[in-house]
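Results of the structural survey
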Amino acid sequence: MARKRWFTLLKNATLGVAAATALAGLAAPADAAPPPSTDGTQVIGGSRAAQGEFPWMVRLSMGCGGALYTSQIVLTAAHCVDRTGSNTSITATTGVVDLQSSSAKKVKSTYVYRSPTYDTTGGDWALIKLAAPVSGATTLPIASTSANNSGTFTVAGWGAATEGGAQQRYLLKTQVPFVSDATCKAQGGEYSGLIANAEICAGNVESGGVDTCQGDSGGPMFRRDNTNAWVQVGITSWGIGCARAHAPGVYTEVSSFASAIASAASKI
Ligand code: ARG
């Protein structure tokens with residue numbers, strides 16, 4: 001992926017990023033390395049998650065995030081994987097905020113299911129089947145209605161903490177406010193092409209400053225529901241730059257795909 005594309009279209013640009021990240025381990029993807037940030041924007045607020053705070057968080061070896069949908073299935077983004085089929089090349093790291101911790105539980109993939117609608121009508125989601133269940137796993141339930149597609153969401157990941165910055169050793173988190181489809185589309189450019197039923201936006205439209213960024217893709221956006229239980233409403237998908245004003249983060253609208261996700265998970 002050409003350097004210059006960093007500031008233009010990041011949507012669908014992640015396969016190259018993913019491949020490069022896999023080779024470079026935790027280093028920032030070389031082929032996507034942008035110029036250093038000039039505004040010092042803290043993408044996800046610079047706040048570390050506590051050990052055990054978001055126990056469903058998964059780091060995937062291609063440089064994406066994910067969430068435990070079941071003890072043996074990770075929900076991530078379609079753009080983080082290339083195809084449906086057997087796949088033993090992905091390592092999922094679970095159970096830790098520190099990726100270098102000796103207590104990390106690492107499990108290999110056996111199979112990938114990529115959303116069949118991603119390339120046409122949208123739906124940036126994928127499932128990764130693990131070789132064995134994660135012991136003592138805590139899963140994150142997904143939203144099956146639009147009831148929680150509003151308010152303030154939590155996002156977390158080991159992606160860049162500044163636009164163009166390095167991948168992180170420690171899990172970072174921040175909060176992002178819901179942005180309506182109309183406001184999101186009105187930001188223009190790539191945002192005009194927002195797929196309203198498949199995508200949900202979040203961020204500070206006027207001031208920026210909080211966001212996910214490269215390497216956070218596939219990770220969950222979640223909130224507490226009216227019973228105070230955590231529910232996943234989004235999957236980190238794309239944005240123009242990171243944490244910029246007038247460039248909210250775009251997430252897969254999980255509630256629109258809840259039945260497709262459940263059905264796929266029951267078959268893999
Ligand atoms: N596509 C990116 C990834 O693969 C996620 C970008 C999210 N960007 C944003 N500004 N919220 O990691």
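Scroll up to find the structure this text is about.
So, here's what we can say about the structure. (Residues numbered from 1 in each chain as written. Predicted model: local features only at pLDDT ≥ 70, side-chain atom pairs only at ≥ 80, totals over all residues. Heavy atoms only, no water.)

So, on to the overall build of the protein. Along the protein, the regular secondary structure elements total 3 helices and 14 strands. The contacts in the protein between residues at least 6 apart in sequence include a share of 70% that link residues at least 24 apart. (Helix = DSSP H or I, 4+ residues; strand = E, 2+ residues; numbered from the N terminus. Contact = heavy atoms within 4.5 Å.)

Let us look at the site of the ligand. Close to the ligand lie 16 residues; D211, T212, G215, S217 and G241 are nearest. Between T212 and the ligand, the recorded distance is 2.8 Å, taken from a side-chain N or O atom to a nitrogen atom. Within the backbone of S237, an N or O atom sits 2.9 Å from a nitrogen atom of the ligand. When the ligand sits alone it has 340 Å² of accessible area, and the protein chains cover 100% of it. Among the elements that take part in the shell around the ligand, strand β13 (residues 230-238) stands out by supplying 3 residues, more than any other. Among the residues making up the shell around the ligand, the classes are represented as 3 nonpolar, 11 polar and 2 charged. (Near = heavy atom within 4 Å. Polar contact = N/O pair within 3.5 Å; in protein donor to acceptor, adjacent residues only side chain to side chain. Areas by Shrake-Rupley, 256 points an atom, 1.4 Å probe, with all protein chains shown as cover. Nonpolar A, V, L, I, M, F, W, Y, C, P; charged D, E, K, R; others polar.)

In this structure, L60 and I128 are the most contacted members of the largest nonpolar core, which totals 42 residues. Elements with a minimum of two residues in this core: β2 (57-60), β3 (64-70), β4 (73-76), β7 (105-114), β8 (126-130) and α3 (254-267). In terms of residue count, α3 provides more of this core than any other element does, 6 residues in total. Non-local contacts of I128, meaning those with residues more than four positions away in its chain, are made with L60, M62, Q72, I73, V74, T76, V81, I90, S109, Y111 and V112. Grouped together as the second largest cluster of nonpolar side chains are 11 residues, A143, F153, V176 and V233 included. (Core = buried A, V, L, I, M, F, W, Y, C linked by side-chain atoms within 4.5 Å. Buried < 20%, exposed > 50% of the residue type's maximum accessible area, 1.4 Å probe, protein only.)

This part is about α3. The end-to-end C-alpha distance of α3, which contains 14 residues, comes to 19 Å, matching closely the 20 Å that a straight helix rising 1.5 Å per residue would cover. Bending of α3 peaks at approximately 35° at the position of A260. For α3, the secondary structure elements touched by its buried residues are β3, β4, β7, β8, β13 and β14 (249-253). (Expected span 1.5 Å × (residues − 1). Bend = angle between axes of the 7 residues up to and from the residue.)

In this section: unusual backbone geometry. At A243, a residue that is not glycine, the phi angle is positive and equals roughly 60°. Mapped onto the elements, A243 comes out in the loop between β13 and β14. Despite not being glycine, H246 has its phi angle at roughly 60°, a positive value. By the element assignment, H246 lies in the loop between β13 and β14.

This brings us to the pairing of β3. Counting buried residues in β3 gives 5 out of 7 residues, a clear majority hidden from the surface. The pairing of β2 with β3 spans 4 bridges and is antiparallel. For M57, the partnering residue across the bridge sits in β3 and is A67. Counting the residues between successive antiparallel strands, the hairpin from β2 to β3 contains 3 residues, one of them, G63, with a positive phi of roughly 100°. Pairing of β3 with β4 involves 3 bridges; the strand directions are antiparallel. Looking at the pairing, L68 lines up with V74 of β4. Hairpin connection, β3 to β4: the antiparallel pair is bridged by 2 residues. (Pairing = 2+ DSSP bridges.)

It is a general feature of regular strands that their side chains alternate between the two faces of the sheet. Taking burial as the measure, the 5 residues of strand β12 (residues 220-224) include 4 buried ones, the bulk of the element. Across 2 bridges, the pairing between strand β9 (residues 152-157) and β12 is antiparallel. Within β12, the position partnered with V155 by the bridge is M221. Pairing between β12 and β13: 5 bridges, direction antiparallel. Residue M221 lies in a different strand from β13, and its bridge partner there is G234. Between β12 and β13, which pair antiparallel in sequence order, lie 5 residues; one of them, N228, sits at a positive phi of approximately 70°.

Another point: the environment of V112. Topologically, V112 is positioned in strand β7. Overall, V112 belongs to the buried group, its relative accessible area being 0%. Sequence separation between V112 and I128 is 16 residues, and the spatial gap between their C-alpha atoms is 4.6 Å. If we skip the residues at most four places from it in the chain, V112 touches V81, R83, T84, G85, N87, I90, L127 and I128.

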